[in-house]
Amino acid sequence: MALGTAQALACEDITTEVFGYLEDGGRGTLASAARVSRTLSHPALAALWRRQNNILFLFRVVPTFHRDEASNTHIFGADPTKEEWERFMSYARLVRKLDALAVRRIHSAAWNSVTQYVGHMPLFPHLRRLRRLRVDDDLPAESLRHILPPTLRHVHLIPGDGMQGVLGRVVLSRLMHVHEFTIACPRLGKDDEPREIPFWTFANMRALAVQDVDLTPEKMRGLAALPHLRSLKMEVRSFKNGRMEAPPYVFLPLDTLKLKWKASLGDIRAFITSTSFPQLMVVNLITTRAAQDDGVYTTIRAALSKLVRECSHSLRALSFVLDDDSSTGMSDLDGMFDVVVEELMQCSCLHTLELSIYVPSALGMSLRVYDRDIRRITSSWPALRTLVLNVKWSYREADSVLQHFPDDDPPPTVHTLAKFAQAHSQLKHLRLPYVCIPDDMVGDDEDTLLLDSLPVLDHGLETLWLTKWGVLKLASTDTDERSLDKQAQAMKKYQQPIFEFAYLLDRLFPHLHATREVNLQRSWDPNTMKPMMSTVNRGADLPSCGS
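These figures come from a predicted structure and were not determined experimentally.

(A) Representation of the overall build of the chain. Counting its secondary structure elements, the chain contains 19 helices and 23 strands. Residues classed as buried in the chain amount to 52% of the 547 residues present. Sequence separation of at least 24 residues holds for 79% of the intrachain contacts in the chain that already meet a minimum separation of 6. Just so you have it, the chain exposes about 25600 Å², and 50% of that area is on carbon and sulfur atoms.

(B) The arrangement of the nonpolar core in detail. Ranked by size, the top nonpolar core spans 140 residues in total, and within it F59, F124, L133, L208, L344 and L504 carry the most contacts. Leaving out residues up to four positions away in the same chain, L208 has contacts with F181, I183, F199, L223, L229, S231, L232 and K233.

(C) Just the side chain of S238, in detail. With respect to the helices and strands, the residue S238 is situated in strand β11 (residues 231-239). Of the residues examined, S238 reaches a relative accessible area of 17% and is grouped as buried. Look past the residues within four positions of S238 in its chain and what remains in contact with it is V213, D214, L215 and A263.

(D) Helix α7 (residues 108-118), seen in detail. Within the span of α7, buried status applies to A110, W111, V114 and V118. The buried residues of α7 occupy an angular sector of 100 degrees when the element is viewed end-on, so they sit on one face. Buried-residue contacts for α7 involve α5 (55-59), β3 (73-76), α6 (82-92) and α8 (144-147). Remark: G119 follows α7 within two positions and exhibits a positive phi of approximately 70 degrees.

(E) View of helix α11 (residues 265-273). Of the positions making up α11, those classed as buried are L265, I268, F271 and I272. For α11, the buried positions fall inside an angular range of 115 degrees around the axis, keeping them on one side.

(F) Quick look at the packing of aromatic side chains. Using the criterion set out here, one finds 16 aromatic pairs in the structure. Members of the aromatic cluster, each reached through a chain of ring pairs, are F59, F65, F76, W85, F88, W111 and Y117. Taking the ring centre of Y370 as reference, the NZ or CZ of R372 above it sits at 4.2 Å.

(G) Local environment of the packing of α6 against α7. Relative orientation of the contacting elements α6 and α7 amounts to 95 degrees, with a least axis distance of 12 Å. Taken together, the axes of α6 and α7 lie roughly perpendicular to each other. Across the interface between the two elements, K82, W85, E86, F88 and M89 of α6 pack against S113, V114, Y117 and V118 of α7. Of the residues contributing to the contact of α6 with α7, the split by class is six nonpolar, one polar and two charged.

(H) Here's a closer look at the pattern of salt bridges. Enumeration according to the criterion identifies 14 salt bridges in this entry. Where R132 meets D99, a salt bridge forms, and the shortest distance between an N and an O atom there is 2.9 Å. With R132 in strand β5 (residues 129-135) and D99 in strand β4 (residues 97-99), the pair connects residues that are 33 residues apart, well separated along the chain. Taking the relative accessible area as the measure of exposure, R132 reaches 29% and is therefore partly exposed. For D99, a relative accessible area of 3% corresponds to the buried category. Across the salt bridge formed by R309 and E343, the nearest N and O atoms sit 3.9 Å from each other. Of this pair, R309 sits in helix α12 (residues 296-310) while E343 sits in helix α13 (residues 342-345), and the two are 34 residues apart along the sequence.

(I) Unusual backbone geometry, seen in detail. Backbone geometry at R132 places phi at a positive 50 degrees, although glycine is not the residue there. With a phi close to 55 degrees, D212 is a non-glycine residue in the positive phi region. Examined against the element boundaries, D212 turns out to sit in strand β10 (residues 207-215). Its relative accessible area of 16% is what places D212 among the buried residues.

(J) Fine view of the packing of α11 against α12. Relative orientation of the contacting elements α11 and α12 amounts to 20 degrees, with a least axis distance of 9 Å. Between α11 and α12, the crossing angle belongs to the class labelled roughly parallel. When the axes of α11 and α12 are compared, the crossing they make is left-handed. Taken together, the residues of α12 that come into contact with α11 (itself represented by L265, G266, R269, I272 and T273) are V296, T298, T299, A302, A303, K306 and L307.

(K) Region of interest: the state of the cysteines. Scanning the model with the defined rule gives zero disulfides in all. C311 provides the cysteine sulfur closest to C347, a residue in no disulfide bond, and the two sulfurs are 6.6 Å apart. Using a relative accessible area of 0% as the deciding quantity, one classes C347 as buried.

(L) Quick peek at the environment of D161. Within the secondary structure, D161 is located in the loop between β6 (154-159) and α9 (166-173). Looking at D161, the relative accessible area reads 56%, which means it is exposed. Note: C-alpha distance between D161 and V135 (26 residues apart in sequence) is 7.2 Å. Leave out the neighbours within four places in its chain, and D161 touches V135 and D136.

(M) Looking closely at the side chain of D373. Inspection of the secondary structure assignment puts D373 in helix α14 (residues 371-376). For D373, a relative accessible area of 5% translates into the label buried. Dropping the residues within four chain positions of it, D373 is found in contact with F337 and R368.

(N) The arrangement of the environment of L280 in detail. Position of L280 among the secondary structure elements: in the loop between β14 (275-276) and β15 (282-289). Taking C-alpha positions, L280 is 9.1 Å from L307, a pair spaced 27 residues apart along the chain. Those residues in contact with L280 that sit more than four places away from it in its chain are L254, D255, T256, L257, L307, C311, S314 and L315.

Cut-off values and rules
- Residues numbered from 1 in each chain as written.
- Predicted model: local features only at pLDDT ≥ 70, side-chain atom pairs only at ≥ 80, totals over all residues.
- Heavy atoms only, no water.
- Helix = DSSP H or I, 4+ residues; strand = E, 2+ residues; numbered from the N terminus.
- Buried < 20%, exposed > 50% of the residue type's maximum accessible area, 1.4 Å probe, protein only.
- Contact = heavy atoms within 4.5 Å.
- Areas by Shrake-Rupley, 256 points an atom, 1.4 Å probe, with all protein chains shown as cover.
- Core = buried A, V, L, I, M, F, W, Y, C linked by side-chain atoms within 4.5 Å.
- Arc of directions from axis to C-beta.
- Phe/Tyr/Trp six-rings, centres within 6.5 Å; stacked < 30°, edge-to-face > 60°.
- Lys NZ or Arg CZ within 6 Å of the ring centre and 35° of its normal.
- Axes fitted to C-alpha atoms, helices over the stretch in contact; angles between N-to-C directions.
- Parallel < 35°, antiparallel > 145°, perpendicular 65-115°, else oblique.
- Nonpolar A, V, L, I, M, F, W, Y, C, P; charged D, E, K, R; others polar.
- Salt bridge = Lys/Arg side-chain N within 4 Å of Asp/Glu carboxyl O.
- Left-handed = near helix turned anticlockwise from the far one by under 90°.
- Disulfide = S-S within 2.5 Å.

Dropping the structure here:
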């Protein structure tokens, strides 16, 4: 047994996996494991030093390393001994991920001492990922050869004033081999004399995430020409299409597109019209409707139709978020399913769909999901695993939303929910704004539900989010305040069978382990939901798009 254990621990893949679980336990846990035996020492130290969130921890291995009050930086008080250098370097060779924010706190003299000892070799010869590299006047130039080795593949760059001079050119020259870039803001200098990091010229780039960018034809051509670009995430401030000099920009290898659009809706339509993404698998669009945007319905549908049509055979995950910050109303966008275009309905390989519409509270009541909407998509997306339909209201609207549906056009019912689940056997995560129980399912005592009309399913749904649930009562034609108050009292009366609702969920989804009611009736004591949570346990989050 002992021999088998020793042989297993001698396998690097096994020890890496085992000690990887201990990394979140803190440095103390791994340091203790490293002292247990010689067999455990190396893999435990490798896990301990693999990810460093503060480079000062490494330098403090040298006893004479301390903070100099005069310069407000850290220096070596005396030259380290040979043994101290060897221990220092043995740990540095294990570092794979490094947070570079504290690099500026180490004096250039200390970096010169490191260079004298290691010679032409970098301090971190196996470094792969570098976070928070802030390039400004406080960054020691002597550190660049050590924190930007040829092995580096992912860099999170925070440009500063130092990017405009020699230091910036040196940094960029050492990043040409990097595969993944995250750039906080590419613009440099003053607004009247702007300069930008030419991120669209890095030929080896596989993934790019850039914030607050102004898109121009030059950048679009450069990005589309990158032969290995697979993932593009941008926060777009403006899109200047200019005069089309060639056919649409074709992003042939791109499979992941995530855009946070800060420009107008017209600009996002122009962007999608002038581009082509034939191999997209993951799409995440976040856009804001401003007061000057008209024709929301037409613009959004045209953009989504063009985007989805090209990649219908490859699309796996789509997330669309519309945030309306105007005060003029949603105009022609009346329902949440107005954005579900026919091209999207035909994406048979889609496994994740997230639609989120946020509007001012005064307009929230007009933004609804109907029972007919769920029935419409019942035969679509057989491979669906995650469905999120998210509508934001004020508390007052959420409390009364179920009362304002037309009699002939109700909200989603539990019967439709059951049929949808039966048609999507792979569904694991579901979020709906509300689900309703028809009043003919309520027993004569008004405290029980008649569940015989529902099938007994062995469905594998794991997570269910509901903003609202309740018994569906026919809307009254009276609109005076007194009648509406009586409706609210009746609704409250019929929403008591909490235990019965738990049984209903268990009948449909016996594997459900997380249910979150974001906003039930505010008059309820939250503790009354605890018995229900003994059947379905609250607390897990829905996964992000494309995860």
